[in-house]
Amino acid sequence: MTSSRTEGCTLTGALSVTTSVQDAVSIIHGPDGCAHHNFSLLHALHFDNDQLVLPSILSTSLKEQEIIFGGEKALEDTITRAFEGNHGAVFILTSCVAAAIGDDVRSVCCEVHGCPVIIVPTGGFLGGGFSDGVKSALIALSSLCHGGNQSGMVNLVGEKNLEYEAEANYREVARLLSLLGVKIQLRFVRNIPVSAIGNLGCASLNILRDESLTDVGSALENRFGTPFLPSFPVGFEGTLRFLSRVGEELDIESDSAIAAERAYQKGIIEHFSDLRRKTVMIHHWGQTSGPVLTELLETFDLELKDHGRLLSFPDPLPVGTAGLFRMLSRWQRVIHA
Amino acid sequence: MRECMNALWPCAMTGAVTCFAGIGGIGTVIHGPSGCYFYPATILHRELHCTFLIEEDIIFGAEERLLDLVRSLQERYRAVAVVNTCTPAIIGEDIRHYLPGEIIMVDSPGFLGNFEDGYLAACRALPVKPDPDVCGVNLDGIQLLDPFCSGNSLEAERILASAGIPVAARFCDCTFDQINPASCSTVQTNPDLASGHGLARGTFLGIDDTEKALKCLEKHYDDVRLDAFERERDIAEHAIETSCEKFLMRHDPPEVALFSGFSYADFAARMLKKYLDASITVIGCRNGIRHSPFRVAEACSLSAVQELIAGDPPDLLLGSSFERMACPTAAFIPFTYPLRGMVRLRARPIIGIQGLAGLMEDVLNACLDHQHARDP
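Residues numbered from 1 in each chain as written. Chains lettered and ligands numbered in written order. Predicted model: local features only at pLDDT ≥ 70, side-chain atom pairs only at ≥ 80, totals over all residues.

### Here's the deal with the overall build of chain B
Scanning chain B from N- to C-terminus turns up 15 helices and 16 strands. Relative to the compact-globule value of 21 Å for 376 residues, chain B shows a C-alpha radius of gyration of 22 Å, a close match. If you line up chain B on its principal axes, its C-alpha atoms span 70 × 55 × 35 Å. Split into buried and exposed, the 376 residues of chain B put 55% on the buried side. (Helix = DSSP H or I, 4+ residues; strand = E, 2+ residues; numbered from the N terminus. Rg over C-alpha atoms; globule rule 2.2 N^0.38 Å. Buried ≥ 20, exposed ≤ 12 C-beta atoms within 10 Å, placed from the backbone.)

### Side note on the confidence of the model for chain B
In this model, chain B carries a mean pLDDT of 94, and residues with pLDDT of at least 70 account for 99%. For this predicted complex, the interface confidence comes out at an ipTM of 0.89, alongside a pTM of 0.91. (pLDDT = per-residue confidence, 0-100.)

### Considering the domain arrangement of chain B
All names here are of chain B. According to the domain assignment, chain B contains domain 1 (12-125), domain 2 (137-225) and domain 3 (236-374). Each of domain 1 and domain 2 has a C-alpha centre, and the two are 28 Å apart. Looking at the side of domain 1 that touches domain 2, the elements that each hand over two or more residues are helix H1 (12-21), strand E2 (23-24), helix H2 (34-44) and helix H7 (115-125). At five residues, H7 tops the list of elements feeding residues into the side of domain 1 that touches domain 2. (Domains from an automatic or database assignment.)

### Describing the interface of chain B and chain A
Across the contact, 36 residues belong to chain B and 43 residues belong to chain A. Among the secondary structure elements, those contributing two or more residues to the side of chain B that touches chain A are strand E1 (4-5), H1, H2, helix H3 (55-60), helix H5 (86-90) and helix H14 (321-326) of chain B. Tallying contributions element by element places H2(B) first for the side of chain B that touches chain A, with four residues. For the side of chain B that touches chain A, the class distribution of residues is 25 nonpolar, seven polar and four charged. (Contact = placed C-beta atoms within 7 Å. Nonpolar A, V, L, I, M, F, W, Y, C, P; charged D, E, K, R; others polar.)

### Overview of unusual backbone geometry
Of note, the bond from Phe188(A) into Val189(A) is cis; its omega dihedral lies within 30 degrees of zero at 15 degrees. Tracing the backbone through its elements, the reader meets Val189(A) in the loop between strand E6 (184-188) and strand E7 (205-208). That bond from Asp315(A) to Pro316(A) is cis: its omega, 5 degrees, falls within 30 degrees of zero. Within the secondary structure, Pro316(A) is located in the loop between strand E11 (309-313) and helix H13 (320-336). In this structure, Asp223(B) takes a positive phi of about 60 degrees despite not being glycine.

### Some points on helix H10 (residues 236-250) of chain A
The periodicity of an α-helix, 3.6 residues per turn, causes residues three or four places apart in sequence to face the same way. Residues and elements named next belong to chain A. Look at H10: 22 Å from first C-alpha to last across 15 residues, which is about the 21 Å you get at 1.5 Å a residue. Inspection of H10 places Phe-236, Thr-239, Leu-240, Phe-242, Leu-243 and Val-246 among the buried residues, and these make up the whole buried set. Along the long axis of H10, the arc covered by the buried residues comes to 150 degrees, so they all point the same way. At its buried positions, H10 is contacted by helix H8 (166-179), E7, strand E8 (228-229), helix H11 (255-271), helix H12 (290-299) and H13. Count one or two residues on from H10 and you reach Asp-251, which has phi positive near 60 degrees. (Expected span 1.5 Å × (residues − 1). Arc of directions from axis to C-beta.)

### Remarks on the packing of H1(B) against H2(B)
Two quantities define a packed helix pair, namely the angle between the helix axes and the distance between the axes. All names here are of chain B. One can describe the packing of H1 onto H2 by two numbers: an axis separation of 10 Å at closest approach and a directional angle of 45 degrees. The orientation of H1 relative to H2 falls into the category oblique. Seen from above, H1 lies across H2 with right-handed handedness. Of H2, the residues touching H1 (which contributes Met-13, Thr-14, Val-17, Thr-18 and Ala-21) are Cys-36, Tyr-39, Pro-40 and Leu-44. (Axes fitted to C-alpha atoms, helices over the stretch in contact; angles between N-to-C directions. Parallel < 35°, antiparallel > 145°, perpendicular 65-115°, else oblique. Left-handed = near helix turned anticlockwise from the far one by under 90°.)

### Describing the sheet that holds strand E15 (residues 316-319) of chain B
All names here are of chain B. Taken together, the five strands give an open sheet; going across it, the order is E14-E13-E12-E15-E16, and neighbouring strands pair in parallel fashion. Since the sheet does not close on itself, it has two edges, and those belong to strand E14 (296-298) and strand E16 (331-334), each with one partner. When strand polarity is set aside, the average angle formed by the axes of neighbouring strands in this sheet is 20 degrees. Pairing of E15 with E16, which is carried by four bridges, proceeds in the parallel orientation. Looking at the pairing, Leu-317 lines up with Phe-332 of E16. Relative to the sheet, helix H15 (residues 352-374) contacts E15 and E16, its axis offset from that of E16 by approximately 150 degrees. (Pairing = 2+ DSSP bridges.)

### Considering the nonpolar core
Membership of the largest hydrophobic core comes to 201 residues, with the highest contact counts inside it found for Ile27(A), Ala16(B), Phe20(B), Val83(B), Leu258(B), Ala268(B) and Leu272(B). Ranked by residues supplied to this core, first place goes to helix H12 (residues 262-276) of chain B with ten residues. With residues up to four places along the chain from it excluded, the contact list for Ala268(B) reads Leu258(B), Leu318(B) and Leu359(B). Listed in part, the eight residues of the second largest apolar core include Leu275(A), Val280(A), Leu302(A) and Leu328(A). (Core = buried A, V, L, I, M, F, W, Y, C linked by C-beta atoms within 7 Å.)

### Considering the domain arrangement of chain A
Put simply, an interface is often sized by how much accessible area is lost when its parts join up. Residues and elements named next belong to chain A. Once the domains are mapped, chain A shows domain 1 (10-144), domain 2 (154-255) and domain 3 (263-336). Taking only C-alpha atoms into account, the centre of domain 2 sits 25 Å from that of domain 3. With 15 residues of domain 2 at the contact, the number on the domain 3 side is 14 residues. Secondary-structure elements contributing two or more residues to the side of domain 2 that touches domain 3 are H8 and H10. Its residues placed into classes, the side of domain 2 that touches domain 3 shows six nonpolar, four polar and five charged.

### Here's the deal with H2(B)
Burial runs high along H2(B): eight of the eleven residues are buried. All buried positions along H2(B) are accounted for by Ser34(B), Gly35(B), Cys36(B), Tyr37(B), Phe38(B), Tyr39(B), Pro40(B) and Ile43(B). Looking at the packing, one finds that the buried side of H2(B) touches helix H1 (10-18) and helix H2 (32-48) of chain A together with H1, strand E3 (26-31) and strand E4 (49-50) of chain B. Backbone geometry just downstream of H2(B) places His45(B) in the positive-phi region, at approximately 55 degrees.

Given below as structure tokens:
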């Protein structure tokens with residue numbers, strides 16, 4: 001398994017998914033410290049995103065005694081406690097501590113009976129990094145769906161729940177889809193009840209948040225036969241291509257939607273005409289800026305120089321036309337400052 | 001049942017890192033994965049280092065990786081401290097054996113205890129040299145995660161300066177040169193975090209205890225002057241008593257629940273009882289419970305906090321943003337880590353004269369604002 005050394009823990013990635021199921025509880029099979037780190041992080045990010053609901057995270061509170069004698073009894077007790085809460089599902093996430101001591105989580109879960117118990121095989125850093133945790137959680141949670149008939153609607157898969165712009169990105173994708181008359185069936189997984197996951201297999205198309213989730217898209221395609229688009233739209237041309245591809249996949253005419261969006265984009269480019277032919281320096285956070293950045297440099301005829309005004313190019317990339325609008329607003333503020 | 005719903009307090013590893021990160025000149029290494037590194041790195045806002053372990057390092061060994069990092073840091077720092085995390089501790093990697101002798105090493109995996117356990121273990125490992133020739137006294141209990149950290153440091157320095165005593169080392173928010181050598185005398189700001197370095201000369205938590213500590217220092221230092229402190233104390237106590245008396249003319253004494261480390265919460269409860277005759281519904285304790293005239297219960301999980309609040313609902317709450325969310329109907333005063341969703345820029349003490357005055361000011365204003373919001 002390859003994993004980035006610096007991308008964070010699988011637990012955090014998996015919890016970013018599992019804690020977004022509103023009526024479920026996530027159990028961290030590990031020490032309280034792991035639970036606190038993640039709970040505190042989610043608490044802070046929820047404040048940033050105006051979500052004033054605390055996630056439900058139970059810890060098996062592994063201590064030295066369990067390290068020596070095993071933590072399976074602690075896990076069994078904690079699952080029993082979780083059942084008392086009348087949750088729609090219980091998600092079990094394993095820490096590196098549980099993985100290192102070799103607890104047989106699956107056998108413990110086979111012996112408990114209550115609401116659905118889903119094991120998310122994280123294993124802390126022994127299971128990879130943050131993005132591996134996200135993928136593991138999405139695939140594990142998909143087991144709560146047992147198929148269905150195609151509805152003509154789409155699922156959004158793997159929205160970045162810790163992202164500051166998550167809701168704005170959702171609104172932009174929903175706006176673009178509405179140009180085609182397409183509705184969103186399920187946000188898999190963002191602020192949904194357990195019961196909604198039963199509809200996962202009914203969509204006619206899955207739209208992945210980004211290309212890192214291709215494994216998840218393939219797994220869902222194999223399971224439910226649902227095709228997928230690899231990412232939310234990025235860039236002016238990319239947004240138009242997105243409309244075209246959704247139309248193709250759903251067998252919907254997309255020319256009028258593309259024409260309307262192109263006209264909207266033209267207005268935006270004119271709105272930011274003050275950016276034209278400016279000398280700038282671009283600071284970009286990620287590795288994936290290539291084609292979108294090139295498109296923007298060409299569209300506004302920007303000249304890259306070391307002494308140019310410093311503009312920030314974010315990672316993840318701005319989603320859709322609205323995402324570009326907000327980024328260009330920030331660029332214009334810097335140019336005007 | 002030992003399981004815990006929504007753990008509210010950091011682990012021993014975070015405590016140990018907090019200690020070392022506060023000493024400028026020590027390069028702090030977290031020997032573990034990025035998941036263990038990011039939490040202290042984001043909350044402490046100090047430069048930290050990490051071996052960023054992955055699975056292969058556990059299988060094939062992380063010795064070279066750690067040694068390379070330590071060697072590179074030895075060129076930049078006066079000292080290097082290594083904090084071990086859970087998995088390397090479980091697999092029994094003998095870090096101490098292969099690290100150079102001068103490296104500070106703390107085996108403080110998260111499963112071994114809470115924040116205080118790790119913090120105090122790291123304090124004991126600091127290479128402190130008490131020297132009778134060092135002028136001044138050390139401050140103890142100054143830790144970076146404490147919302148009163150910088151305020152306490154400034155208040156203690158101010159009070160000591162008014163008495164003619166300089167500050168020597170601050171455990172733990174100072175430079176390596178200030179702990180080595182340190183003074184032989186120490187004054188406590190948070191009795192939960194006694195580092196053990198220097199002879200304890202009392203605490204500045206509370207005005208009476210501050211006076212006792214100054215009188216103790218008077219016996220050991222020449223030319224200590226208490227007149228400025230006594231004057232300021234009289235003025236502050238009179239102002240507090242007058243304000244509380246006025247509040248009680250129109251309002252009932254508040255019913256208060258406090259959540260924090262034991263010493264701060266017990267102190268605040270005693271002051272609320274003394275000046276406002278408050279009913280203390282509970283002290284929810286994040287660390288070791290000790291004797292108190294009030295009801296004290298462990299409060300390290302959100303479920304425990306919710307049960308304590310539901311059992312006897314307060315109209316005033318001192319705690320963290322977790323408690324604030326658990327009981328949004330009560331007036332709230334930020335009192336312990338973490339404090340999310342609010343802006344806090346200035347230094348606030350809880351010790352000394354300004355600490356008590358600030359506490360009572362916050363209490364009265366929170367109660368009055370809450371009253372106005374309820375009955376506009």
